[in-house]
Amino acid sequence: MKRIMYALGCLALAATVASCGSNANKKAAADSTATAQAQAPAEDEGWTVIFDGKTLDGWRGYDKTGVPAAWTVEDGAIKINGSGMGEAGAQDGGDLIYANKKFKNFELEFEYKVDKGANSGVFYLAQEIPGQPIFISAPEYQVLDNANHPDAKLGVDGNRQSASLYDMIPAKPQNAKPFGEWNTAKIMVYNGTVVHYQNGEQVLEYHLWTPQWKEMLDKSKFSKEKWPEAYDLLINCGGENHEGYIGLQDHGDNVWFRNIRVKEL
């Protein structure tokens, strides 16, 4: 009798354990689904992913028909493989643009990481002008190793450091992470108002096509006196329709970009 009761007890215990395990598995699956839904690309919120983490579909070289060999995909990131020859110095290099669409009013989000002593940038509202560099027509979100690249000490008040409007407005607070670490970034453009963000903080704001914009250009390396071709394009940045390409800079150094997406406003 004792053996029968013991066997029945074991069966009951096994059933209880199985039931608990099943419930736990169901809960884990539900939690996993909820997490996946929370982290899913927000296409229904208006975001468009412009780099799929695997290929350079939609991208090509600025003023080129294909992708320069210096640009590759590595561990889910777009990488510019540094030539050590300075800005667009290598024959197989040059700047990269997302060529599928020009953007006017938008938010651009991305992450970036720099090698030691690296320099790069993200351009927006860029025009494609044969024979001329991309920065002749586009504002630049500076990407830099502030601790090791000499450009960090040039310019005025740190306006060549990371997340700055290059050579015009310094990013403050300056919260870039050291080389080798990922930073988050965002650029918002809306009817001429432009805001830069870095690592979750707003670091600058300015207004295109205004007296403020003209004054900043006049004090920069792009002034009418120093560089008239650039001045004439930048004063009416974005051209007649106030729209342009998003571009990534080849400055001859190793730099990575990932999780790049755009929301049109």
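Looking at an unreviewed UniProt entry, one finds the protein chain named DUF1080 domain-containing protein, with Alistipes ihumii AP11 as its source organism.

Draft legend 1. Summary view of the overall build of the protein chain. Check the secondary structure of the protein chain and you find 3 helices and 13 strands. The buried share among the 265 residues of the protein chain stands at 44%. Restricting the contact set of the protein chain to residue pairs at least 6 apart, pairs at least 24 apart contribute 67%. Roughly 13400 Å² of accessible area belongs to the protein chain as shown, and the carbon and sulfur atoms make up 52% of that amount.

Draft legend 2. Main features of the packing of aromatic side chains. Applying the stated rule across the entire model yields 9 aromatic pairs. Here the aromatic rings of Phe110 and Phe257 are separated by 6.5 Å at their centres, their planes lie at 55°, and the arrangement is tilted. Taken together, the positions of Phe110 in strand β6 (residues 106-114) and Phe257 in strand β13 (residues 255-264) put the pair 147 residues apart, joining distant regions of the chain. There is no split in this pair, since Phe110 and Phe257 are both buried. Within the aromatic cluster, the residues linked to one another by ring pairs are Trp59, Tyr98, Phe103 and Phe106. Above the plane of the ring of Trp182 lies Arg258, whose end atom (NZ or CZ) is 3.8 Å from the centre.

Draft legend 3. Focus on the side chain of Arg60. Within the secondary structure, Arg60 sits in strand β2 (residues 59-61). Within the structure, the side chain of Arg60 is placed 3.0 Å from the backbone oxygen of Lys64, a separation counted as a polar contact. For Arg60, the side chain forms a polar contact with the side chain of Glu128, separated by 2.7 Å. When sequence neighbours within four positions are dropped, the list of residues in contact with Arg60 reads Thr65, Gly66, Val67, Asp95, Leu96, Ile97, Ala99, Glu128 and Tyr245.

Draft legend 4. Fine view of the pattern of salt bridges. If you walk through the whole model with that rule in mind, you get 11 salt bridges. With its nearest N and O atoms 2.7 Å apart, the salt bridge here joins Arg60 to Glu128. With Arg60 in strand β2 and Glu128 in the loop between β7 (119-126) and β8 (140-144), this pair connects stretches of sequence that are 68 residues apart. Owing to a relative accessible area of 19%, Arg60 belongs among the buried residues under this scheme. For Glu128, a relative accessible area of 25% corresponds to the partly exposed category. A salt bridge links Lys172 to Asp157, with the shortest nitrogen-to-oxygen separation between them at 2.7 Å. With Lys172 in the loop between β8 and β9 (183-190) and Asp157 in the loop between β8 and β9, this pair connects stretches of sequence that are 15 residues apart. With relative accessibility at 46%, the residue Lys172 sits in the partly exposed group. Residue Asp157 is classed as exposed on the basis of its relative accessible area, which comes to 52%.

Draft legend 5. Representation of the sheet that holds strand β12 (residues 244-248). What the 5 strands build is an open sheet, ordered β2-β5-β12-β7-β8; its pairing is antiparallel. Sheet topology places β2 and β8 at the edges, where each strand pairs with a single neighbour. Between one strand axis and the next, the sheet turns by 25° as a mean value, whatever way the strands run. As paired elements, strand β5 (residues 96-103) and β12 share 4 bridges and run antiparallel to each other. Counterpart to Phe103 in the pairing with β12 is Gly244.

Draft legend 6. The pairing of strand β10 (residues 193-198), seen in detail. Bridge count for β9 against β10 is 6 bridges, and the pairing is antiparallel. Paired with Ala185 across the two strands is Gln198, which belongs to β10. Once β9 ends, the chain turns through 2 residues before running back antiparallel as β10, passing Asn191 with a positive phi of about 50°. Taken together, the 6 bridges between β10 and strand β11 (residues 201-207) define a ladder with antiparallel strand orientation. Note on β11: the bridge partner recorded for Gln198 is Glu201. Once β10 ends, the chain turns through 2 residues before running back antiparallel as β11, passing Asn199 with a positive phi of about 50°.

Draft legend 7. Looking closely at helix α2 (residues 211-218). Residues of α2 that are buried include every one of Trp213, Met216 and Leu217, and no others. Taken end-on, α2 shows its buried residues confined to a sector of 100°, consistent with a single buried face.

Rules used throughout
- Residues numbered from 1 in each chain as written.
- Predicted model: local features only at pLDDT ≥ 70, side-chain atom pairs only at ≥ 80, totals over all residues.
- Heavy atoms only, no water.
- Helix = DSSP H or I, 4+ residues; strand = E, 2+ residues; numbered from the N terminus.
- Buried < 20%, exposed > 50% of the residue type's maximum accessible area, 1.4 Å probe, protein only.
- Contact = heavy atoms within 4.5 Å.
- Areas by Shrake-Rupley, 256 points an atom, 1.4 Å probe, with all protein chains shown as cover.
- Phe/Tyr/Trp six-rings, centres within 6.5 Å; stacked < 30°, edge-to-face > 60°.
- Lys NZ or Arg CZ within 6 Å of the ring centre and 35° of its normal.
- Polar contact = N/O pair within 3.5 Å; in protein donor to acceptor, adjacent residues only side chain to side chain.
- Salt bridge = Lys/Arg side-chain N within 4 Å of Asp/Glu carboxyl O.
- Pairing = 2+ DSSP bridges.
- Axes fitted to C-alpha atoms, helices over the stretch in contact; angles between N-to-C directions.
- Arc of directions from axis to C-beta.

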